[in-house]
Amino acid sequence: MRITTFDFEEHGDERGILISLEENLNIPFTIRRCYFMYNLMPGVRRGYHAHKTLRQVLVCVRGSCRILLDDGTEQATVLLDRPNLGLYITADTWREMYDFSEDAVLMVLADQLYDESDYIRNYDAFLDYLKKKNAEGKQA
Ligand code: T46
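Residues numbered from 1 in each chain as written. Predicted model: local features only at pLDDT ≥ 70, side-chain atom pairs only at ≥ 80, totals over all residues. Heavy atoms only, no water.

A. Fine view of the packing of aromatic side chains. Taken as a whole, this structure holds eight aromatic pairs when the rule is applied. Ring centres 5.2 Å apart and planes at 85° place the aromatic pair tryptophan 94 and tyrosine 123 in the edge-to-face group. Here tryptophan 94, found in strand β10 (residues 94–98), pairs with tyrosine 123, found in helix α1 (residues 123–139); they are 29 residues apart in sequence, far enough to count as distant. By relative accessible area, which is 4% here, tryptophan 94 ends up buried. One aromatic cluster in this structure is built from Phe6, Phe8, Phe29 and Tyr88. (Phe/Tyr/Trp six-rings, centres within 6.5 Å; stacked < 30°, edge-to-face > 60°. Helix = DSSP H or I, 4+ residues; strand = E, 2+ residues; numbered from the N terminus. Buried < 20%, exposed > 50% of the residue type's maximum accessible area, 1.4 Å probe, protein only.)

Here it is in structure tokens:
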């Protein structure tokens, strides 16, 4: 499956490093929401869902974690272990986040406000959703 990551430009000098994230520039959409998670224990696994329309960029701004992506046919794993790396996740992609380091802070930029009706939180329902969508696409 195709994985899209971004290497954000670092503005570094003797004072440290600054990264700027701007909508429709190095983030490929208009940013409508930002959320982040921390206090993530090494054994926990989060996510277990797909989105029908939401697009997001994930950045592990501190520490590290792994992201499992699944498009219903193939799976891939991405290690987020530096704050200048962004992972772009579009709709119709099952995701799981795991292997969090104790200091991990995972920040997410999203193109829509929070909407529970955009979630598919059951894997079989996700596969059914893709099947129906494909069948409708072939008829059109
Ligand atoms: C995603 C992955 C990467 C809100 O009230 N507002 C929000 O914007 C979000 C994202 C969550 N919530 C509430 C809903 C739940 O009661 O926070 C609680 C935890 O959310 P959830 O279990 O969905 O968290 P994750 O880590 O499994 O998934 C999140 C995002 O929900 C999801 O869109 O792609 O991070």
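After that view of the structure, there is still more to cover.
B. Region of the structure containing the side chain of glutamine 56. Here glutamine 56 lies in strand β6 (residues 56–62). Since its relative accessible area comes to 3%, glutamine 56 is described here as buried.

C. Examining the nonpolar core more closely. By size, the foremost hydrophobic cluster in this structure holds 17 residues, and its most contacted members are Leu58, Cys65, Ile67, Leu80, Leu87, Phe100 and Leu106. Going through the elements one at a time, β6, β7 (65–70), β8 (75–80), β9 (85–89) and β11 (105–110) are the ones with two or more residues in this core. Not counting residues within four places of it along the chain, the set of residues in contact with cysteine 65 comprises Cys60, Val78, Leu79, Leu80, Tyr98, Asp99, Phe100 and Leu106. If you look at the next biggest cluster of nonpolar residues, it comprises nine residues, including Ile27, Val59, Met107 and Leu109. (Core = buried A, V, L, I, M, F, W, Y, C linked by side-chain atoms within 4.5 Å. Contact = heavy atoms within 4.5 Å.)

D. Geometry of the site of the ligand. Near the ligand you find 13 residues, and of these Arg33, His51, Gln56, Arg95 and Tyr119 are the closest. At 2.5 Å, a side-chain N or O of arginine 33 approaches an oxygen atom of the ligand. Interatomic distance of 2.9 Å between a backbone N/O atom of glycine 47 and an oxygen atom of the ligand. Coverage of the ligand by the protein chains reaches 68% of its 650 Å² of free accessible surface. Contributing elements (two or more residues each) for the shell around the ligand: β4 (33–37), β5 (46–51) and β10. Among the elements that take part in the shell around the ligand, β5 stands out by supplying four residues, more than any other. (Near = heavy atom within 4 Å. Polar contact = N/O pair within 3.5 Å; in protein donor to acceptor, adjacent residues only side chain to side chain. Areas by Shrake-Rupley, 256 points an atom, 1.4 Å probe, with all protein chains shown as cover.)

E. Looking closely at the sheet that holds β7. A sheet is described by the order of its strands in space; here five strands give the open sequence β8-β7-β10-β5-β12, paired in antiparallel fashion. Only two strands of the sheet have a single partner each, and these edge strands are β8 and β12 (119–120). Sheet topology note: the β5/β12 ladder contains two bridges and is antiparallel. Its bridge partner lying in β12, histidine 51 is registered against tyrosine 119. (Pairing = 2+ DSSP bridges.)

F. Structural view of the pattern of salt bridges. What the rule picks out here adds up to seven salt bridges. Arginine 82 serves as the salt-bridge partner of aspartate 7, at 2.7 Å between the closest nitrogen and oxygen. With aspartate 7 in strand β1 (residues 4–7) and arginine 82 in the loop between β8 and β9, the pair connects residues that are 75 residues apart, well separated along the chain. Aspartate 7 sits in the exposed class, given a relative accessible area of 57%. A relative accessible area of 31% places arginine 82 in the partly exposed class. (Salt bridge = Lys/Arg side-chain N within 4 Å of Asp/Glu carboxyl O.)

G. Region of interest: unusual backbone geometry. Phi at tyrosine 48 takes a positive value of approximately 55°, unusual for a residue other than glycine. Tracing the chain through its elements places tyrosine 48 in strand β5. When its relative accessible area of 36% is taken as the criterion, tyrosine 48 is described as partly exposed. One non-glycine residue with positive phi stands out, namely aspartate 99, at about 55°. As for its position among the elements, aspartate 99 is in the loop between β10 and β11. On the basis of relative accessible area, aspartate 99 is assigned to the partly exposed category, the value being 39%.

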